[in-house]
Amino acid sequence: MKNLLTYLFIVSVGLFLFGCDKPAPTELFDDSQEELAEYEILGKDINDEFYSNGFDTTGVTQDLRELPNLIALSGIKVTYVHGNTDEFSFAQSIFFDRTKKIFSPGGRFLGFKSVIPGIVSFDNKIARIVPLIVRYRENNVLRHDTLGNKYILFSGRRGDMDDFRYRHNSFMNFSINIFFGEQVSFNIPTPIEITGNVEILGSRNQDDLRALLQWNTGNTHDITIIIGARLRDRDIIMPLYRVKTIDDGSLLIPSRFINQIPIQHFDRIVFTFIRRFENTIDTNSGDLRVSSQSIHSIVVNL
Amino acid sequence: MFANVNILSQSSFGLNGYWGLSPNFNTPLYGYEGNTSNYAHVRDWGFSFIYGVEFAKNTNSNIYSISLSKTLGNHNLSARFTPGYQKEFIFNTGESIVLEDSTSQSLTASVNYKELFGLGYSYKFSEDFSVGTTFRFFTQDFFQEIVTPVFEDSLIFFLRETKSEKVKFWKGDLGINYALNENLNFVFASINLLNFGEKADNSDFKDLELRREVGGMIGVNYLPFDAAAINFIYETTGSYQVALNGYAGDLGFGMTLFHDKYQEPEIAGMIPTISYKGEIFELFVSGVKYFSNRKKEFGVSEFVENGISNILNNPYSFDKVLLTVSFNINTAKERTVKLIDVEIVKDIYPTFSENYVEYPFAYGTIVNLTDEYITVKPMARIEGVNEENIQSPVSAIAPHDTVRVPFYIIIPESYSSEKVELSYADFYLFTISDKPDDQFQKAVLVNSVNSWDGRVSNLRYFIKKDLDFSMSHAKAVLSSNKTVLDTLPIALENFYKAKILFNEYVANLVYISDPRATGEYVQFPHQTFELKGGDCDDLSVGYSSLLESVGIQTALVDYKANGKVRHVNLLFNTKLSPNQAKVLTNNDTKYFIRESVDGKDEIWLPVEVTSLTDFETAWKLGAEKFNKEAISELGIAKGKVNIVDIY
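Caption draft 1: Highlighting the overall build of chain B. Each helix and strand in chain B was counted, giving 11 helices and 34 strands. In chain B, buried positions account for 43% of the 647 residues. Of the contacts formed within chain B by residues at least 6 apart in sequence, a portion of 61% connects residues at least 24 apart.

Written out as structure tokens, the structure is:
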């Protein structure tokens, strides 16, 4: 008995000394079909209009420096503060010469030179060629430079500039007759129209200003929401964040994303819902991104 | 995101399975889960720990609990430290950020539920009914990575932060145990009855808190045989356990099947157990085996949708093997016998000291509480009479038998109180150690040294006790009559000694009635001399003592009352044979023949000491009374006259 007790004592001490693991945690893999949200900062410097390039009503917010050749079709709605909604159709195509970089006078890389390789048509409507302008601020001076030209078709509230209509949940034709070359033509599918709604919750004073975003679900896995804000003094919409989330119809933007927006710089927030079909094709002239999107921008007072 | 998480605090699932009130083992009772009422078999100190190996993706070992239990009479206190009672989950928050290099990084969160320690108390109202409570302390550690956009001057960037909160709370429950009989008992207990402490302040964590739904549980423990038990416990939350336990000597076997409404399949798992009971320790080797695959990948959505119901036992718990060691440390000796009652059969007459050596003054009713034969050493002590315990003969008692054992007492020679006192006697039972197993106290009347119970046979103690005085006195008297005695034939020596002593004895005495209003009072011979008188018993005692001190055999004659005043006088042995009677008298009614122990007939003379005249008169009166009441009226034959030999 005495020996047994001694043995038990030794075992007990041993267990205390060496048996102090922590029970294994359970790691859960991410299979949630809800509430996924990927946040990205877009406007890294609100004083630099460079970051607002492309953030117009087209939903194109990519950094022009990294933008591949692009074919984009957009069906756009803009709901203003007072509740009025305008609709637009927009198509554009940009082709870059990746061998030619364009720099600002101060040496800043602005992007590649854009080129016009042929005649572009959307739904058999020949696109216009317009300058591809880049805005930026250098030495505290707002500058506009041209990277080259691009193709566009546009119609909307301010008059039907082009006989072009974006069709939701359909197919639209793109074709290009390359100068001294062949014609390329293909159909681009378009997603279901998106219609969003923004409900501002809480209050800034209580540090819980949030935004409940709701939209109709569609035929895409996810949607993108661009949260931008209008600069008080420059009437420029500055994209702040890109939020990619599941196309499940709602997303609560936490207060830390809304409450932090400084009202001394911004007076309105723009929530832009984008449901997009997008495909990138590897071509001889570099990647070609083909996208079609339904866009609904909602402007609310901050 | 976590609005549906359903996490409950601990309920009845225990790592050693469910053993009900576990009549043969104490180890399972350290688990507050199935023993909310803190029921315990520990007689003094108990200590237990559970060490286990968990077969997660990476096998790990851990001390699950360390428990301490202390029994104080009907109270039991317990405490346990439960470092292994914890469950941690790590998962993505659902948010991710795109970094400068365009890569995406998910933000993570974790929640760690812990039961840190607990306290228990119970009170046994009887062997059949006890009530208890347990309180357990929990913590919940929440961590969540978040990104916050920061607008600094004109720049915007993400700041990655960790949001955390620690939430502590107590939960308390009550339990009742009731044994209907030896084979069937019931356990009733609450689940999450009392809850107090903190709640999560952060809205993101509120839905992840341990749920504390109030419920109840009822357990039924049925022992159809000594060697087997069937236990069932049902929780109002819908979970239950069924256990079959077997006992074979020092070994025990258990198999618990448990159903948890939050787990699949219907019987979610089993807990087989083998146990061994040593003299002071118990060993349990048990396993927790789940019937569903525990090593598969679990998704966040399932966790969010179903949650867990128990920190130890939930869909994410892993199989385990556990070793439980318990020690029962008895610093206080275990009571093996119980003194149920004591009956005082005699009041204490200090002068009857020899009587108490021969006959017990009390009897105790003792029960053997053990399963073994046990030898009991009874002892007693009367306050004011004895300074030490007086041991009575040891008794062997069969297992669980009840016996009646005698208690003897010794009256010290030195005891001389002339007051009647109501004292008390302490009765002790000793088995092995020098500390009594049980004791009992009872009031006892201690009479004065002169008290007499009225039984003539007990007058002998007054005669014997003062023999030294009588011898001294008698020798002095006889020495002064040496001349006369030397001239007498040896055969008449006793007669004349008796005569001389009587005449000298009564010369200065008068008859005095007993001074006590109630009860009997008997003087010792020296007191009779000092007081110069006494009643019949005093005078007879005194004269008998004088004769006995010089070797003359005496006997007291008890003339019983029979409606009249009771009377005592005496006979003494002349040692003369019937043939020699003529040397004393020709009247054969004045002497009586009694057979000695060696078969000889000897002449005895009756003496009425109260005559207080002279020997011849006293002899004559004594003979007449004896002849009339003892012989003629057949007093001896009818029992109305009794002759009591002093030795």
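Caption draft 2: Highlighting the overall build of chain A. Scanning chain A from N- to C-terminus turns up 2 helices and 18 strands. In chain A, buried positions account for 35% of the 302 residues. A sequence separation of at least 24 residues applies to 63% of the contacts in chain A between residues at least 6 apart.

Caption draft 3: Up close: the sheet that holds strand β19 (residues 362-368) of chain B. Residue and element names in this part refer to chain B. Reading across from one edge, β18-β19-β23 is the order of the 3 strands in this open sheet, with antiparallel pairing throughout. Across the chains shown, the open sheet's two edge strands, defined by having one partner strand only, are β18 (337-344) and β23 (402-407). Here the average twist between neighbouring strands, direction ignored, is 25°. Where β18 and β19 come together, 7 bridges link them in antiparallel fashion.

Caption draft 4: Structural context of the interface of chain B and chain A. Between chain B and chain A, the contact holds 47 residues from the first and 38 residues from the second. The element that contributes the greatest number of residues to the side of chain B that touches chain A is strand β4 (residues 86-98) of chain B, accounting for 12 residues. Tallied by class, residues from the side of chain B that touches chain A come to 25 nonpolar, 15 polar and 7 charged. Relative to strand β16 (residues 298-299) of chain B, strand β1 (residues 26-29) of chain A is paired through 2 bridges, and the arrangement is parallel. Bridge assignment links L28 of chain A to a residue of β16 of chain B, and that residue is F298 of chain B.

Caption draft 5: How the structure looks around the sheet that holds strand β7 (residues 125-126) of chain A. All names here are of chain A. Across the sheet, which stays open at both edges, the 4 strands sit in the order β7-β6-β10-β11 with antiparallel pairing between neighbours. Since the sheet does not close on itself, it has two edges, and those belong to β7 and β11 (183-189), each with one partner. Two elements, strand β6 (residues 118-122) and strand β10 (residues 171-178), share 5 bridges in a ladder whose sense is antiparallel. Bridging from a neighbouring strand, S121 pairs with S175 of β10.

Caption draft 6: Representation of the environment of N139 of chain A. Residues and elements named next belong to chain A. By the element assignment, N139 lies in the loop between β8 (128-138) and β9 (141-155). For N139, a count of 8 C-beta atoms within 10 Å puts it in the exposed group. Considering only alpha carbons, one finds N139 and G106, 33 residues apart in sequence, at a separation of 8.4 Å.

Caption draft 7: View of helix α9 (residues 536-549) of chain B. Counted at 1.5 Å a residue, the expected span for α9 of chain B with its 14 residues is 20 Å, and the 20 Å between its end C-alpha atoms agrees. Once α9 of chain B ends, the next one or two residues include G551 of chain B, with phi positive near 90°.

Caption draft 8: Examining the confidence of the model for chain A more closely. Residue-level pLDDT values for chain A average 84, and 84% of them are 70 or greater. Mean pLDDT values for the elements of chain A range from 65 in helix α1 (residues 2-18) of chain A up to 95 in β6 of chain A.

Caption draft 9: View of the packing of helix α5 (residues 467-480) of chain B against helix α7 (residues 493-507) of chain B. All names here are of chain B. Packing of α5 against α7 brings their axes to within 10 Å, and their N-to-C directions diverge by 105°. The angle between the axes of α5 and α7 places the two elements in the roughly perpendicular class. Contacts between α5 and α7 involve A474, V477 and L478 from the first element and K497, I500, L501 and E504 from the second. Across the contact of α5 with α7, the residue classes tally to 5 nonpolar, no polar and 2 charged.

Caption draft 10: How the structure looks around the packing of α7 of chain B against α9 of chain B. Residue and element names in this part refer to chain B. In contact at an axis separation of 10 Å, α7 and α9 are set at 140° when each is read in the N-to-C sense. Crossing hand, α7 versus α9: right-handed. Between α7, through A498, L501, F502 and Y505, and α9, the contact on the second element is made entirely by G542, Y543, L546 and L547. Residues belonging to the contact of α7 with α9 are distributed by class as follows: 7 nonpolar, 1 polar and no charged.

Caption draft 11: Geometry of the environment of E504 of chain B. Topologically, E504 of chain B is positioned in helix α7. Here the alpha-carbon distance between E504 of chain B and D614 of chain B, two residues 110 residues apart in the chain, equals 8.9 Å.

Caption draft 12: Examining the environment of I636 of chain B more closely. Residue and element names in this part refer to chain B. Among the structural elements, I636 can be located in helix α11 (residues 635-638). On the basis of neighbour counts, which here come to 15 C-beta atoms within 10 Å, the residue I636 falls in the partly exposed class. Each C-alpha atom of the pair I636 and D558 lies 9.8 Å from the other, and the pair is 78 residues apart in sequence. Ignoring sequence-local partners within four residues, the contact set of I636 consists of A630 and V641.

Caption draft 13: Examining the pairing of strand β24 (residues 421-430) of chain B more closely. Residue and element names in this part refer to chain B. Judged from the 6 bridges that link them, strand β20 (residues 374-382) and β24 form a sheet pairing that is antiparallel. For A380, the partnering residue across the bridge sits in β24 and is F427. Inspection of the sheet shows β24 paired to strand β25 (residues 438-446) by 9 bridges, in the antiparallel sense. In the sheet register, Y424 faces β25, and the bridge partner there is A443.

Caption draft 14: View of α5 of chain B. All names here are of chain B. Compared with the 20 Å implied by 1.5 Å per residue over 14 residues, the 20 Å span of α5 between its first and last C-alpha is a close match. Looking at α5, one finds that the buried residues are S470, H473 and A474. When α5 is viewed along its axis, its buried side chains cluster within an angular range of 100° and face the same direction. α5 presents D468, S472, A476 and S479 as exposed residues on the side facing more than 90 degrees away from its buried surface. Those residues of α5 that are buried are in contact with α7, α8 (525-531) and α9.

Caption draft 15: Just the confidence of the model for chain B, in detail. Residues and elements named next belong to chain B. Scored by pLDDT, chain B has a mean of 87; 95% of the residues are at 70 or more. This model gives residues 1-7 a pLDDT under 50, and the stretch forms 22 contacts once residues within four places in sequence are excluded. Scored as a whole, the predicted complex attains pTM 0.63, and scored at its interfaces, ipTM 0.75.

Caption draft 16: Region of the structure containing the nonpolar core. Counting residues in each nonpolar core, the largest one holds 74 residues, and the members touching the most others are F427, F502, V557, L570 and F572 of chain B. Two domains share this core, each providing at least three of its residues, namely domain 2 (337-446) and domain 3 (454-645) of chain B. Those residues within four positions of F572 of chain B in sequence are excluded, and the remaining contacts are A498, L547, I552, Q553, T554, W604, L605 and V607 of chain B. Of all hydrophobic cores here, the second largest spans 63 residues; its members include V134, I194, L209 and I295 of chain A.

Caption draft 17: Representation of unusual backbone geometry within the structure. All names here are of chain B. Each neighbour pair has its own omega, and for E264 with P265 the value is -5°, a cis peptide bond. Its place among the elements puts P265 in the loop between β13 (251-259) and β14 (269-277). With a phi close to 60°, N192 is a non-glycine residue in the positive phi region. A residue is classified by how many C-beta atoms lie within 10 Å of it, and N192, with 20 of them, is buried.

Caption draft 18: Region of the structure containing the pairing of β11 of chain A. Residue and element names in this part refer to chain A. Pairing of β10 with β11, which is carried by 7 bridges, proceeds in the antiparallel orientation. For I176, the partnering residue across the bridge sits in β11 and is V184. Connecting the antiparallel pair β10 and β11 is a turn made up of 4 residues, with F180 showing a positive phi of about 60°.

About the criteria used
- Residues numbered from 1 in each chain as written.
- Chains lettered and ligands numbered in written order.
- Predicted model: local features only at pLDDT ≥ 70, side-chain atom pairs only at ≥ 80, totals over all residues.
- Helix = DSSP H or I, 4+ residues; strand = E, 2+ residues; numbered from the N terminus.
- Buried ≥ 20, exposed ≤ 12 C-beta atoms within 10 Å, placed from the backbone.
- Contact = placed C-beta atoms within 7 Å.
- Pairing = 2+ DSSP bridges.
- Axes fitted to C-alpha atoms, helices over the stretch in contact; angles between N-to-C directions.
- Nonpolar A, V, L, I, M, F, W, Y, C, P; charged D, E, K, R; others polar.
- Expected span 1.5 Å × (residues − 1).
- pLDDT = per-residue confidence, 0-100.
- Parallel < 35°, antiparallel > 145°, perpendicular 65-115°, else oblique.
- Left-handed = near helix turned anticlockwise from the far one by under 90°.
- Arc of directions from axis to C-beta.
- Core = buried A, V, L, I, M, F, W, Y, C linked by C-beta atoms within 7 Å.
- Domains from an automatic or database assignment.

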